[in-house]
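Secondary and tertiary structure notes
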Amino acid sequence: MKKPVTKVVFPVAGLGTRFLPATKAIPKEMLPIADRPLIQYAVQEARQAGITDFIFVTGAMNRPLLKSHFSENPSLNTFLRERGKTTELNLVAETVIEPDRLHFCSQDKPLGLGHAVWCAREFVAGEPFAVILPDDLISAEPGCLKQMMDVHSRLGGNVVAVENVAPDLTNRYGILDIASEDGPLVVARGLVEKPAPDKAPSTLSIIGRYILDDKVFEHLDKGVAGAGGEIQLTDAISATIGAGVPFHGLRFAGTRYDCGSMYGFVEANVTFGLQSSAHAEEIRAYLKNYLKRPV
Ligand code: UTP
């Protein structure tokens, strides 16, 4: 029997420099797509996949905001109840994580994604765990992490979500060295972080969803910096391949929006805005008219 995955790590201690000045005082994961912050989509996806415990790896700025977003707000509830705003009351109730399931740890300096995950090591010790990067917003049914859980419950090991990127963009991603493929499932024999296009073993890139064996900490404990001088999570996954941990990529069914970039953020807001039943028609009508204007 594979150990069930019940814990998720959200590494959210990055500085979001591509989104300055918006991210000077508001962390990237609190920026809204349609009516809710990015991080809430990530928590919803994790819950749908069966996750019960949530840990946020934060810098100094974002912890109070995250804590208040996912905690009860009695005065807001009273206000909404008194005004009969039942829909809003329900929307607010959906955000709440039970206090004993909501956890935080600090990453004092953004030394890299691998380092951020390492900061959560005591929380996940001895168990497989999920990692979600909230700025990769994925629209999918069932959610991307649920699709990955189904693979993990059969095969165990490390499972990552993957998609093809343009050949000239491999130097922005962790790229898989493919051993074999079976439908959407890819068996990988290796992994290269941010390879130049002429050195890339494929164009299949890891996006921000991982289910990891806790053996990754054996490498992360060493604190070795990799590409870009950062402690890379992909290097830790790579190190476990030799240590006999199975490694699979899943070409998930769904659409990913890279909300860490301005283009992806706008793309997601337009898409989720058009999907919102309350406002879909007026947004569609506005866009049609707007696009008719001379450029
Ligand atoms: P990014 O590579 O997008 O970095 O991190 P960033 O700092 O958020 O944004 P830019 O590139 O400066 O605009 C991907 C995810 O990993 C987290 C980030 O918070 C984000 O959720 N991360 C990254 C950490 O938690 N710690 C790190 O040291 C690096």
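Shown above is the structure to which this text applies.
Please read these numbers as outputs of a predicted model, since none were measured by experiment. (Residues numbered from 1 in each chain as written. Predicted model: local features only at pLDDT ≥ 70, side-chain atom pairs only at ≥ 80, totals over all residues. Heavy atoms only, no water.)

Our next topic: the nonpolar core. F10, I51, F54, F56 and L145 are the most contacted members of the largest nonpolar core, which has 33 residues in total. Elements with a minimum of two residues in this core: β1 (7-12), α1 (38-48), β4 (53-58), β5 (102-106), β6 (129-132), α7 (144-155), β8 (158-164) and β11 (204-212). Here this core takes 5 residues from α7, the largest share from any one element. Contacts of F10, omitting those with residues within four sequence positions, involve I39, A42, V43, A46, F54, I55, F56, V57 and I132. (Core = buried A, V, L, I, M, F, W, Y, C linked by side-chain atoms within 4.5 Å. Buried < 20%, exposed > 50% of the residue type's maximum accessible area, 1.4 Å probe, protein only. Helix = DSSP H or I, 4+ residues; strand = E, 2+ residues; numbered from the N terminus. Contact = heavy atoms within 4.5 Å.)

A few words now on the site of the ligand. The full set close to the ligand counts 16 residues, and P11, T17, R18, Q107 and G112 are the nearest of them. P11 is positioned with one of its backbone polar atoms (N or O) 2.7 Å from an oxygen atom of the ligand. Between the ligand and Q107, the relevant distance is 2.7 Å, taken from a nitrogen atom to a side-chain nitrogen or oxygen of the residue. When contributions to the shell around the ligand are tallied by element, the ones reaching two or more residues are β1 and α5 (113-118). Residue composition of the shell around the ligand, grouped by class: 8 nonpolar, 5 polar and 3 charged. (Near = heavy atom within 4 Å. Polar contact = N/O pair within 3.5 Å; in protein donor to acceptor, adjacent residues only side chain to side chain. Nonpolar A, V, L, I, M, F, W, Y, C, P; charged D, E, K, R; others polar.)

So, on to α1. Across the 11 residues of α1, 8 count as buried, placing the element largely inside the fold. Positive backbone phi, at 100°, marks G50, one or two positions downstream of α1.

Bringing helix α9 (residues 233-242) into the picture now. Among all positions in α9, only L233, T234, A236, I237 and T240 are buried. All buried residues of α9 lie within an arc of 160° about the axis, which places them on one face of the element. Downstream of α9 by one or two residues, G244 has phi in the positive range, about 85°. (Arc of directions from axis to C-beta.)

Together, M262, V266 and V270 make up an exposed nonpolar region whose accessible area comes to about 240 Å². For V270, the location among the structural elements is in helix α10 (residues 262-275). The exposure class assigned to V270 is partly exposed, which follows from its relative accessible area of 32%. (Patch = residues over 30% accessible without salt bridge, like charges linked within 9 Å, V, L, I, M, F, W, Y side chains within 5 Å. Areas by Shrake-Rupley, 256 points an atom, 1.4 Å probe, with all protein chains shown as cover. Salt bridge = Lys/Arg side-chain N within 4 Å of Asp/Glu carboxyl O.)

On to the environment of D53. In this structure, D53 sits in strand β4. Spatially, the C-alpha atom of D53 lies 9.6 Å from that of F123, the residues being 70 residues apart in sequence. Setting aside residues no more than four positions away along its own chain, D53 makes contact with T6, K7, V8, D100, R101, H103 and F123. In terms of polar contacts, D53 uses its side chain to reach the side chain of T52, at 3.2 Å.

Residue placement: L220 occurs in helix α8 (residues 216-220). Linking L220 and V187, residues 33 residues apart in sequence, is a C-alpha distance of 23 Å.

Attention shifts here to the pattern of salt bridges. When the charged atoms of two side chains lie near each other, side chains of opposite charge can form a pair. Scanning all chains against the criterion turns up 12 salt bridges. Taking the shortest distance from any N to any O, the salt bridge between K7 and E127 comes out at 3.4 Å. Placement of K7 in strand β1 and of E127 in the loop between α6 (121-124) and β6 is noted, with a sequence separation of 120 residues between them. Overall, K7 belongs to the buried group, its relative accessible area being 16%. The partner of D136 in a salt bridge is R256, and the shortest N-O contact between them spans 2.9 Å. Pair noted here: D136 is in strand β7 (residues 136-139) and R256 is in strand β13 (residues 255-258), with a separation of 120 residues, a long-range link. Comparing D136 with R256 shows no difference in burial state: the two are buried.

Looking now at the packing of helix α3 (residues 74-82) against helix α4 (residues 86-93). Two numbers describe a pair of packed helices, the interaxial angle and the distance between the axes. The geometry of α3 relative to α4 is characterised by a closest axis approach of 8 Å and an angle of 155° between their N-to-C directions. In terms of orientation, α3 lies roughly antiparallel with respect to α4. With respect to the hand of their crossing, α3 and α4 are arranged in left-handed fashion. Within the contact between the two elements, α3 uses L76, N77, L80 and R81 and α4 uses E88, L89 and V92. In terms of residue class, the contact of α3 with α4 is made up of 4 nonpolar, 1 polar and 2 charged. (Axes fitted to C-alpha atoms, helices over the stretch in contact; angles between N-to-C directions. Parallel < 35°, antiparallel > 145°, perpendicular 65-115°, else oblique. Left-handed = near helix turned anticlockwise from the far one by under 90°.)

Before going further, it helps to spend a moment on the pairing of β1. Of all 6 residues that make up β1, 6 are buried, and the element is covered over most of its length. Of the two faces of β1, both are covered, the one formed by K7, V9 and P11 as well as the one formed by V8, F10 and V12. Bridge analysis of β1 against β4 gives 6 bridges, and the strand direction is parallel. Bridge pairing links K7 to D53 in β4. Pairing analysis gives 2 bridges linking β1 to β6, with the strands arranged parallel. Within the sheet, the bridge partner assigned to V8 lies in β6 and is A130. (Pairing = 2+ DSSP bridges.)

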